[in-house]
Protein chains: 2
Amino acid sequence: MTPRADHLTAEVVELIGTVVARYHEEYEHAAAEHSLTGAQARVLGLLAREPMPMRRIARSLKCEPSNVTGIVDRLESRGLVERRPDPADRRVKLAAPTETGRATAAQLRDSLDFAREPLGELSVTERALLKELLQRMLGVTPE
Amino acid sequence: MTPRADHLTAEVVELIGTVVARYHEEYEHAAAEHSLTGAQARVLGLLAREPMPMRRIARSLKCEPSNVTGIVDRLESRGLVERRPDPADRRVKLAAPTETGRATAAQLRDSLDFAREPLGELSVTERALLKELLQRMLGVTPE
DNA sequence: ACCGAATTACTTGACAACATGAAATATCGA
DNA sequence: TCGATATTTCATGTTGTCAAGTAATTCGGT
C-alpha cells in the first residue's frame, strides 16, 4: 500500500482530524440546542430530505437496523417523526417527519454554522478550489 | 450572523460532511481490527504521544472526567495502559501506555490510511494548497 | 507559620443513549 | 411451501452525563 506518509501529507491528515473534531463538536451542540442527540439529529435530517424505511436509515448510518428502532422510537415519542405503513410492502415501515419534525430539521440545518462561518474566510475562488480538491480526494467524479 | 449560505458554500459543507463520515468509518474500522472502540483508540493514540493526567484526557476528548475513568479502566484491564502516580501531585494519576500499548498505537497509526491513500490522488502542490485552505478555514494562523 | 475553607483530581453509582448480535414475528417472492 | 427480507425485542457492553464522595493541594486570615 501507500508507503509511510511524508511530512506534508501527515500535516494534512492532522488538519482533517481537526476539521472532523470541530465538525462533531458543532453538530452535537446544534443538536443539543433542540434537546436532540447527534444520532437523533442525523436521522431527523435524513428524513427531512425524504421519508424512508428503517432499513435504509440503518444503511445510511452504517449501523444495525435494530439500533434504528430505538432512535426512531425516541423521535416518535417526541412527535418529530411518525411511522407509516408502506402501501407497496406491508413489512416495511416508512419513517417520515411530522410538521414539527420538519420545522426542527430546518432550524437545525440553519444553525449548522460550522462550515458556513469558517468558510467565510475563504473567497469564492478559494471555496471553489477547496470543493474541487475535496471531490478529488473523495474520488467523486463530477459528471 | 452569516446570511443564508449560497449554493457553492452549501456544496462545500456537504463535502466536508462526507469527509467527516468517511474519516469516522475508517477510524472505527482501524480500531476494531485491534478490538478497540473508537474512544479507546483515541485515548491510546493520545497517550502514545505523551502520558497525561486523567483530567487532561477529558479535556482533549471534551467529555467529563468520570467518563475517562471507564475508558482507561478498560484499556488498563487489557494491559495497554497503566496508571502511575504523579510525583509532583498525589491527587493526579498519570495514564501512560505500556510497551504493548505503544506497539498497538503505532500499528493503529499506520493502518489509519484514510487520508493518506485518498491524498495520493493529489499532487504535492495540491496537497500544500489544501493544507493552506484548511488552515485558513480553521483560523490557524501559521507563525 | 498555621489552620480551616475552598478548590482540584479522581472515582463511584445511577441512569440514558447508542451499538451489536441473536431470536421472534410478519410478509414477500419464487 | 420454502427461503429471504423488514422490523422488533432482548441481552449485553460502551460511552456519556450528573451528583456525591474521598483525598490532596492551595490560599486567606490571623
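Our structure's up above, just so we're on the same page.
As the structure is a computational prediction, the values presented were derived from the model and not from experiment. (Residues numbered from 1 in each chain as written. Chains lettered and ligands numbered in written order. Predicted model: local features only at pLDDT ≥ 70, side-chain atom pairs only at ≥ 80, totals over all residues. Heavy atoms only, no water.)

Colleague: Pulling in residues and values, what's your account of the side chain of B:Asp86?
Modeller: Residue and element names in this part refer to chain B. Here Asp-86 is to be found in strand E2 (residues 81–86). It is Arg-84 that comes nearest to the buried, bridge-free Asp-86 among opposite-charge side chains, at 8.6 Å. Reaching out from Asp-86, the side chain makes a polar contact with the backbone nitrogen of Ala-88 at a distance of 2.8 Å. Residues contacting Asp-86, with those up to four places away along its chain left out, are Val-92 and Leu-94. (Helix = DSSP H or I, 4+ residues; strand = E, 2+ residues; numbered from the N terminus. Buried < 20%, exposed > 50% of the residue type's maximum accessible area, 1.4 Å probe, protein only. Lys, Arg positive; Asp, Glu negative; His and termini not counted. Salt bridge = Lys/Arg side-chain N within 4 Å of Asp/Glu carboxyl O. Polar contact = N/O pair within 3.5 Å; in protein donor to acceptor, adjacent residues only side chain to side chain. Contact = heavy atoms within 4.5 Å.)

Colleague: So, the environment of A:Arg83: which residues are in play, and what are the values?
Modeller: Residues and elements named next belong to chain A. Inspection of the secondary structure assignment puts Arg-83 in strand E2 (residues 81–86). Taking the C-alpha atoms as reference points, Arg-83 and Thr-69, separated by 14 residues in sequence, lie 11 Å from one another. Those residues in contact with Arg-83, other than ones at most four positions away along the chain, are Met-54, Thr-69, Val-72, Asp-73, Glu-76, Lys-93 and Leu-94. Here Thr-69 takes part through its backbone oxygen, which lies 3.3 Å from a polar atom of the side chain of Arg-83.

Colleague: An account of the relation of the copies chain B and chain A is needed here, citing residue identities and associated values.
Modeller: Rotating chain B by 180° and translating it 0.0 Å along the rotation axis places it on chain A, where the RMSD comes to 0.1 Å. Put plainly, the chains are arranged around a two-fold axis. Residue B:Val20, judged by its C-alpha, is the member of chain B lying nearest the rotation axis, at 2.6 Å. An overlap of 98% is found between the interface residues of chain B and their copies at the interface of chain A, pointing to a shared contact surface. (Least-squares fit on C-alpha atoms with pLDDT ≥ 70 in both.)

Colleague: How would you summarise the packing of aromatic side chains if you had to cite specific residues and measurements?
Modeller: Think of a pair of aromatic rings as described by two things: how far the centres are apart, and how the planes are tilted against each other in angle. All names here are of chain A. Counted according to the given criterion, the structure contains two aromatic pairs over all chains. Seen in terms of ring centroids, Tyr-23 and Tyr-27 are 6.1 Å apart; in terms of plane orientation they differ by 20°. Their pairing is stacked. Of this pair, Tyr-23 and Tyr-27 both sit in helix H1 (residues 7–32), four residues apart, which is roughly one turn of that helix. Like Tyr-27, Tyr-23 is buried. (Phe/Tyr/Trp six-rings, centres within 6.5 Å; stacked < 30°, edge-to-face > 60°.)

Colleague: Outline the sheet that holds strand E3 (residues 89–97) of chain B, listing residues and values.
Modeller: Note on sheets: strands pair through backbone hydrogen bonds, and any given pair is parallel or antiparallel. Residue and element names in this part refer to chain B. Spatial ordering of the open sheet is given by E1-E3-E2, a layout of three strands whose pairing is antiparallel. Only two strands of the sheet have a single neighbouring strand rather than two, namely strand E1 (52–53) and E2. Note: E1 against E3, two bridges, orientation antiparallel. Each bridged residue has a counterpart across the sheet, and for Pro-53 the counterpart in E3 is Leu-94. With respect to the sheet, helix H2 (residues 38–49) is in contact with E1, E2 and E3, its orientation differing from that of E3 by roughly 100°. (Pairing = 2+ DSSP bridges. Axes fitted to C-alpha atoms, helices over the stretch in contact; angles between N-to-C directions.)

Colleague: Account for empty space enclosed by the protein, with residues named and values stated.
Modeller: A full pass over the atoms with the stated rule returns one cavity of 30 Å³ or more. Its boundaries defined by the atoms lining it, the largest cavity holds a volume of some 60 Å³. For the lining of the largest cavity, the elements supplying multiple residues, two or more each, are H1 and helix H7 (124–138) of chain A together with helix H1 (7–32) and helix H7 (124–138) of chain B. (1 Å grid on protein atoms, 1.4 Å probe; cavity = no way out; pocket = protein on both sides within 12 Å on 5 of 7 lines; lining within 4 Å. Points joined across faces, edges and corners; volume = space filled by probe spheres on them.)

Colleague: How would you sum up the sheet that holds strand E3 (residues 89–97) of chain A? Please name residues and give values.
Modeller: Read from one edge of the open sheet, three strands run E1-E3-E2 (chain A), paired in antiparallel fashion. Edge positions in the open sheet fall to strand E1 (52–53) and E2 of chain A, since each of these has one partner strand only.

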